Amino acid sequence: MMNQIAALGRIGIETVASFGRASQFLAGVVFGVPRPSVGFPLLIRQLYAVGVLSLAIVVVSGLFIGMVLGLQGYTILSDFGSEAAIGQMIALTLVRELAPVVTALLFAGRAGSALTAEIGLMKATEQLSSMEMMGVDPLRRVIAPRLWAGFLAMPVLAMIFSVVGVLGGMLVGVEWLGVFEGSYWGNMQASVDFVDDVVNGIIKSVVFGFVCAWIAVYQGYDCVPTSAGISSATTKTVVYSSLAVLGLDFVLTAVMFGNF
Amino acid sequence: MEPSAYITLKNVVFSRSGRRIFDGVTLDIPKGKITAIMGPSGTGKTTLLRLIGGQLRPDSGQIQVAGLEVPKLKRRDLYRLREKMGMLFQSGALFTDLSVYENVAFPLRVHTALPEDMIRDIVLMKLEAVGLRGARDLMPSELSGGMTRRVALARSIALDPELIMYDEPFTGQDPIAMGVLVKLIRDLNSSMGLTSVLVSHDVPESLSICHYACIIADGKVIGEGTPEQLREHPSEQVQQFLNGEPDGPVPFHYPSGDAASDFGVAGGTV
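What you are looking at is a predicted structure, and each value in this text was computed from that prediction instead of being measured.

### Examining the layout of surface pockets
Working step 1: Estimated volume of the largest pocket: approximately 1200 Å³.
Working step 2: Residue composition of the lining of the largest pocket, grouped by class: 15 nonpolar, four polar and 14 charged.
Working step 3: In this structure, the second largest pocket occupies an estimated 900 Å³ of space.
Working step 4: Lining the second largest pocket are 29 residues; nearest its centre among them are A:K123, A:E132, A:P138, A:Y221 and B:Q55.
Working step 5: Taken together, the elements giving at least two residues each to the lining of the second largest pocket come down to α1 (2-31), α4 (86-124), α5 (127-133), α6 (138-176) and α8 (194-222) of chain A together with α2 (75-82) of chain B.
Working step 6: A per-class count over the lining of the second largest pocket returns 13 nonpolar, five polar and 11 charged.

### A look at the side chain of B:T148
Working step 1: For B:T148, the position within the fold is in helix α5 (residues 145-156).
Working step 2: At a separation of 2.8 Å, a polar atom in the side chain of B:T148 contacts the main-chain carbonyl oxygen of B:S144.

### Notes on the packing of α1(A) against α6(A)
Residues and elements named next belong to chain A.
Working step 1: At a minimum axis distance of 9 Å, the contact between α1 and α6 shows a crossing angle of 90°. Here α1 lies roughly perpendicular to α6, going by the angle between them. The segment α1 lies against α6, with F25, L26, G28, V29 and V30 engaging L139, I143, A144, L147 and W148.
Working step 2: Its residues placed into classes, the contact of α1 with α6 shows nine nonpolar, one polar and no charged.

### Digging into the interface of chain A and chain B
Working step 1: At the junction of the two partners, chain A supplies 16 residues and chain B supplies 23 residues.
Working step 2: With both sides pooled, the region where chain A packs onto chain B buries about 1800 Å², and carbon together with sulfur makes up 54% of that total.
Working step 3: On the chain A side of the interface with chain B, the three residues burying the most area are A:E126, A:M133 and A:M134, jointly 39% of the side's total.
Working step 4: Along the contact surface separating chain A from chain B lie three salt bridges.
Working step 5: Our enumeration of links across chain A and chain B arrives at 10 residue pairs in polar contact (both at pLDDT 80 or more).
Working step 6: In terms of residue count, α5(A) provides more of the side of chain A that touches chain B than any other element does, six residues in total.
Working step 7: For the side of chain A that touches chain B, the residue count by class is five nonpolar, five polar and six charged.

### Some thoughts on the packing of aromatic side chains
Working step 1: A full pass over the atoms with the stated rule returns seven aromatic pairs over all chains.
Working step 2: Here A:W148 and A:F151 contribute two aromatic rings whose centre-to-centre distance is 5.6 Å and whose plane-to-plane angle is 75°, an arrangement assigned as edge-to-face. Of this pair, A:W148 and A:F151 both sit in helix α6, three residues apart, which is roughly one turn of the helix.
Working step 3: Judged by centre distance (5.3 Å) and plane angle (90°), the ring pair of A:Y184 and A:W185 falls under edge-to-face.
Working step 4: An aromatic cluster of at least three residues, connected via ring pairs, comprises A:W148, A:F151, A:F210 and A:W214.
Working step 5: Between the NZ or CZ atom of B:R82 and the centre of the ring of B:Y79, over which it lies, the distance is 5.0 Å.
Working step 6: Taking NZ or CZ as reference, B:R155 lies 4.7 Å from the ring centre of B:F95, over its face.

The rules behind each value
- Residues numbered from 1 in each chain as written.
- Chains lettered and ligands numbered in written order.
- Predicted model: local features only at pLDDT ≥ 70, side-chain atom pairs only at ≥ 80, totals over all residues.
- Heavy atoms only, no water.
- 1 Å grid on protein atoms, 1.4 Å probe; cavity = no way out; pocket = protein on both sides within 12 Å on 5 of 7 lines; lining within 4 Å.
- Points joined across faces, edges and corners; volume = space filled by probe spheres on them.
- Nonpolar A, V, L, I, M, F, W, Y, C, P; charged D, E, K, R; others polar.
- Helix = DSSP H or I, 4+ residues; strand = E, 2+ residues; numbered from the N terminus.
- Polar contact = N/O pair within 3.5 Å; in protein donor to acceptor, adjacent residues only side chain to side chain.
- Axes fitted to C-alpha atoms, helices over the stretch in contact; angles between N-to-C directions.
- Parallel < 35°, antiparallel > 145°, perpendicular 65-115°, else oblique.
- Contact = heavy atoms within 4.5 Å.
- Buried area = accessible area lost by both parts, 1.4 Å probe.
- Salt bridge = Lys/Arg side-chain N within 4 Å of Asp/Glu carboxyl O.
- Phe/Tyr/Trp six-rings, centres within 6.5 Å; stacked < 30°, edge-to-face > 60°.
- Lys NZ or Arg CZ within 6 Å of the ring centre and 35° of its normal.

Encoded structure:
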């Protein structure tokens, strides 16, 4: 019994210590911005790796999710004879929920795991150490550009996801199932509010981008520098990011759309 | 004539995850000489280099490099001091996404504002010094182990440091590569007047090039002096290490319980 209490305490202490390390690490990265002349090219390179290379998976997923929403929405709404509302349903679902959340989940799997593995391997092969010994702070040189790239890329990817999803929904709803094109766009325009829906969706994806990128770079930086350690850090990145995104999504939704 | 010390360690105590690694290490590393730090695997020789480089902090004791107290330095001063240090890592630690040329150019680009043609000249000079000027366009994955270490060596001398630390430079090298490294370490020391610290457990190679050596075991310095003095050292432990005897003061067996009880032989009850 005493042992179990002690074990519980140890888990608690380890969790708090790990949060503390992650926050210290974050402060070091955020406040240690390199000179623009050095930092900007590094950031561009990471934006390419994290953002542009994630574009394909985001566009394809957005298209299919939009098409599925079109099909499902049509089947359900036509029972009530209101299939003309399919445009607003697809747009609201995507902009408020699916685009930020699904993009973040894809991002964690595609870019987050890659970031963790890359940084973890740099640690295991002593590249980070040797940088430190050369008088270059790896937090600024390696970590900061990657964190900022993730943070900046996510909202843009989520917006692209929404746009492609709406087009996919149109493909199925209008081109295939024959909903009148004017009502598809008209209903959408009438019901989607810029501040309430679009801006709130962007805020969500900004938060998710920050959390996913933070988890990914921290897991890489803090990993045990062995092959087993890197593999477990990569797994943790995907699991923690997904849980954090889904949990935060509930909290943000409650605050934004909860009406209390 | 006693040369002045470049690095001074006084009563350094360091422990990690509950295990005491150094228990009062006191050591002077003379300026402009090659000093070998030897000891069995797992005695924390690499840790000692990390303490000198300020990547780790001791629990107590003093570490001075070039007159500066390393553990007490502010972050900015520490990074400035590190520009005067080169370190050759065991794995080479080249940046795998950069070519050989860019690897050597990296410290120059970060720490100096030299124009590109000057950087080119310096990089080619450093690569020439290690005999790899022709390999400048290769990527690190295309290099052999010995070449990797030579490129890493060129990178660590790119900024003309005052101190260079070699972490196990001979481990896993074939005899020719080892001979090349021994020659390079000696040449660099004499031509550039570098203070060199060499961490190794390869006794013959280390003793053949160092001016001064010390042996660390069980968290303490157990013997130090010139190679000649060490070979005549009275301590059995030093002799065991230098001559590679399997059993002696350092036991062959890892500390274990009573053998009889482990094997279930009668009379083994404790």
